[in-house]
Amino acid sequence: MNTTLSLGSVQTCFKKVVCLFCSCLTSCCRCQTLRRARERSTLSCDCHGVLHEGGLVVVTLATVRAPFSRRAESRTTCHKGLKRRPVAMGAVHAKSMDPLPMHGKDLGVNPDDLMEHPEPEPDAKQEILENKDVVVQHVNIQGLGRTKEDLLGYEISDVFNAKNLIDVMKKAHIARQRLLRLGIFKEVEVLIDTSEGADALPNGLDVTFEVNEIKRLTGSYNTMVGNNEGSMVLGLKLPNMIGRAEKLTFQFSYGTKETSYGLSFFKPQPGYFERNLTLNMYKVTGQFPWSSLKETDRGVSAEFNFPVGPTGHMLKWEGVWRELGCLARSASFAVREESGHSLKSALSHTMSIDSRNSAIFPSSGALLRINQELAGFTGGDASFFKEDFELQLNRRLFWDSVLSASLWGGMLFPIEGKPSCIADRFYLGGPTSVRGFGMYSIGPQSEGDYLGGEAYWAGGLHLYTPLPFRPGRGGFGDLFRTHFFLNAGNLCNLNYGEGPRAHLQKLAECIRWSYGAGIVLRLGNIARLELNYCIPMGVQSGDRICDGVQFGAGIRFL
């Protein structure tokens, strides 16, 4: 029986394979378990195999070929300086399995398979490439259209460094993941074959990547959950515009509190996808009922992302024309004073390191994010220096429970004696930060309108556990967690003529805190919903509380 190795196809099912290490006869991990083992070894390939998206892949190569070939239907690229030739792929062979036929649609174990059979004599023409060194002679790419060949050379070059068959399979799978990460291919499949031709070596291999490019124009429609708000998003994308993974995107968003549209251009560095440049043009109109304020921003920005060791960095410049107005006639005088037009030009830097195993329900790891923003240095009306940070630690306990601790903080320093703008200050409170309080309803306020503050801190301690009695375990029930929490924080304005000790004393005064319990639902890997029963404590005059049941939705929670 001939079996073609395809690392890229998750649906591929190797009905019968031979373990590279113990030569046991087994069916793949998507079918049944061990069917029969040789007398010299009873180990199944589960002990030795190589994992990939489709599961376990273990194959024995042979130099004898079956009469099989595939004709290239589109442009084929051959790398490493070897001459271009049509893709003529043979097959990856397993040992003969005629004595052990499979039976039944479910590929169950047949009683005849449990009987001992005489081992067939190996074909003298076959040379099994099990633990022997191999050489990758050719890497072919089939199916290219508008994609430039030099871009893909960076992503697949490591395949040539493989030293044995298992190494080839691992590196080919990594190369496949790198190709998919570019966002320009719908599908990528990998075929491994023994080399043929005049220059073929006895231990030579050819690796072929079969790619299917994404269309030139794609559209999308989805919903997005923000900080306790939802929106509908329509998008048009032109992926791989010039052939080197560029992307032009137009996006329109209509939400409960915000409406926006924008145009962005994304360009990665060839061979280093994490290092990329993004240019944006946008218009955003938002409503902030807690401040009786509406804001319209029209701006441009440029972002440069790059990694340094385990940390990720983003440098950004943003120029925005801001128009502030009153959301209601009852808006306070302090909000009316802020109304009007202003121009903000700011440079910012963000450093982050994230070792969590999940962004929504992490059970281990930590997150540290530090952001600095300097406005006024490159012009504009706003002049300030702003710094904030986010820290999160997670630890798994007994019975699949997780203890999580979070700490947020930030300060804004006005420059040149100019007062800070209401749109630049920090806000605190609500189901995504200090639970039990109204949305952004902690801190300075005027006539019921919350004005934000120039300094804040917030901390939280959380215990997440599975649902009682584990209903729906292994399925829908795993999307839920029970949630016990303790939150605290404060937001205020500081007198910067005083020293750091006076600042700390003011931040330690009038601390708001709350505790409670509830249920958390994970929405994919991007957002979550919370339904909590909250008991607010430390309430100060002017704070708006939510005593009892509180619902929250968002992507960033304290």
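The structure this text deals with has already been given above.
Residues numbered from 1 in each chain as written. Predicted model: local features only at pLDDT ≥ 70, side-chain atom pairs only at ≥ 80, totals over all residues. Heavy atoms only, no water.

J.: Looking at this model, I keep getting lost on the pairing of strand 16 (residues 272-288). Mind explaining?
T.: A regular strand carries its side chains on alternate faces of the sheet. Where strand 15 (residues 258-269) lies against strand 16, 12 bridges are found, and the strand directions are antiparallel. Paired with Tyr261 across the bridge in strand 16 is Lys283. The sheet contact formed by strand 16 and strand 17 (residues 293-308) spans 13 bridges and is antiparallel. The residue of strand 17 that forms the bridge with Phe288 is Leu293. Linking strand 16 to strand 17, which pair antiparallel, is a turn of four residues; within it Ser292 sits at a positive phi near 50°. (Pairing = 2+ DSSP bridges. Helix = DSSP H or I, 4+ residues; strand = E, 2+ residues; numbered from the N terminus.)

J.: Explain the pattern of salt bridges to me, please; I cannot follow it from the model alone.
T.: Between side chains of opposite charge, pairing is possible as soon as their charged atoms come close. Throughout the structure, instances matching the rule amount to 20 salt bridges. Note that Glu303 and Lys316 form a salt bridge whose closest N and O atoms lie 3.9 Å from each other. Here Lys316 lies in strand 18 (residues 311-326) and Glu303 lies in strand 17, a separation of 13 residues in the sequence. Glu303 gets classed as buried once you look at its relative accessible area, which sits at 17%. Here the residues in one salt-bridge network are Glu155, Arg178, Arg181 and Glu274, joined through shared partners. (Salt bridge = Lys/Arg side-chain N within 4 Å of Asp/Glu carboxyl O. Buried < 20%, exposed > 50% of the residue type's maximum accessible area, 1.4 Å probe, protein only.)

J.: Can you walk me through unusual backbone geometry in this structure?
T.: Keep in mind that most residues, glycine aside, have a negative phi and that most peptide bonds are trans. Unlike most non-glycine residues, Trp399 shows phi in positive territory, near 55°. Structurally, the position occupied by Trp399 is in the loop between strand 20 (365-396) and strand 21 (402-414). You can call Trp399 exposed: its relative accessible area is 73%. Of note in the backbone geometry, Cys510 takes a positive phi value of approximately 55° without being a glycine. Topologically, Cys510 is positioned in the loop between helix 4 (500-508) and strand 26 (512-523).

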